[in-house]
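Spelled out from the first residue to the last, the chains are:
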Amino acid sequence: MDTQLKRGLLDVCVLAAIRGEDSYGYKIIKDMKPYLELSESTLYTILKRLETAEMLTVRTAEHDGRLRKYYHITEAGLRRIEEFKTEWKEVVSIYQFVIKGDPHE
């Protein structure tokens, strides 16, 4: 899969994982596991990129005597999810065109 396309998909998946409530790294990975495998290093790269793009904010809180970073989706992050939904319709349309008439599909 094209690296840029995959990167964009993963960004939206992470945003969707924290859309309902603030979350932290391990829980995000756990919540996404039924749908896709994501390493910690990949996740934290994505989280940093989304924070820089102001699509999420980060707060630190103590949990069981340790500091934990919690991620919160911003309005910009919510807008990105909505943009993705619109863009995805176009991707599906392109996919349908590509497989049209393909005897292997």
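Reading the values: rules and limits
- Residues numbered from 1 in each chain as written.
- Predicted model: local features only at pLDDT ≥ 70, side-chain atom pairs only at ≥ 80, totals over all residues.
- Heavy atoms only, no water.
- Axes fitted to C-alpha atoms, helices over the stretch in contact; angles between N-to-C directions.
- Helix = DSSP H or I, 4+ residues; strand = E, 2+ residues; numbered from the N terminus.
- Parallel < 35°, antiparallel > 145°, perpendicular 65-115°, else oblique.
- Left-handed = near helix turned anticlockwise from the far one by under 90°.
- Contact = heavy atoms within 4.5 Å.
- Nonpolar A, V, L, I, M, F, W, Y, C, P; charged D, E, K, R; others polar.
- Patch = residues over 30% accessible without salt bridge, like charges linked within 9 Å, V, L, I, M, F, W, Y side chains within 5 Å.
- Areas by Shrake-Rupley, 256 points an atom, 1.4 Å probe, with all protein chains shown as cover.
- Salt bridge = Lys/Arg side-chain N within 4 Å of Asp/Glu carboxyl O.
- Buried < 20%, exposed > 50% of the residue type's maximum accessible area, 1.4 Å probe, protein only.

Caption draft 1: Representation of the packing of helix α1 (residues 3–18) against helix α4 (residues 75–99). Their axes nearest at 10 Å, the elements α1 and α4 cross at an angle of 130°. Relative to α4, the element α1 lies oblique. Here α1 and α4 pass one another in a crossing that is left-handed. Judged by residue contacts, L9, V12, L15 and A16 of α1 engage G77, R80, I81, F84 and W88 from α4. In terms of residue class, the contact of α1 with α4 is made up of seven nonpolar, one polar and one charged.

Caption draft 2: Fine view of the environment of T74. By the secondary structure assignment, T74 is in the loop between β2 (66–73) and α4. For the pair T74 and E51, spaced 23 residues apart in the sequence, the C-alpha separation amounts to 9.5 Å. Residues in contact with T74, not counting those within four places in the same chain, are E54, M55, L56 and T57.

Caption draft 3: Quick look at a nonpolar patch on the surface. Judged by side-chain polarity, W88, V91 and V92 come together as a nonpolar surface patch covering roughly 220 Å² of accessible area. Residue position: V91 is located in helix α4. V91 gets classed as partly exposed once you look at its relative accessible area, which sits at 33%.

Caption draft 4: How the structure looks around unusual backbone geometry. For E54, which is not glycine, the phi dihedral falls at a positive 60°. Within the secondary structure, E54 sits in the loop between α3 (40–52) and β1 (56–63). In this structure, D64 takes a positive phi of about 50° despite not being glycine. Turning to its location among the elements, D64 is positioned in the loop between β1 and β2. Assessed through its relative accessible area of 70%, D64 is described here as exposed.

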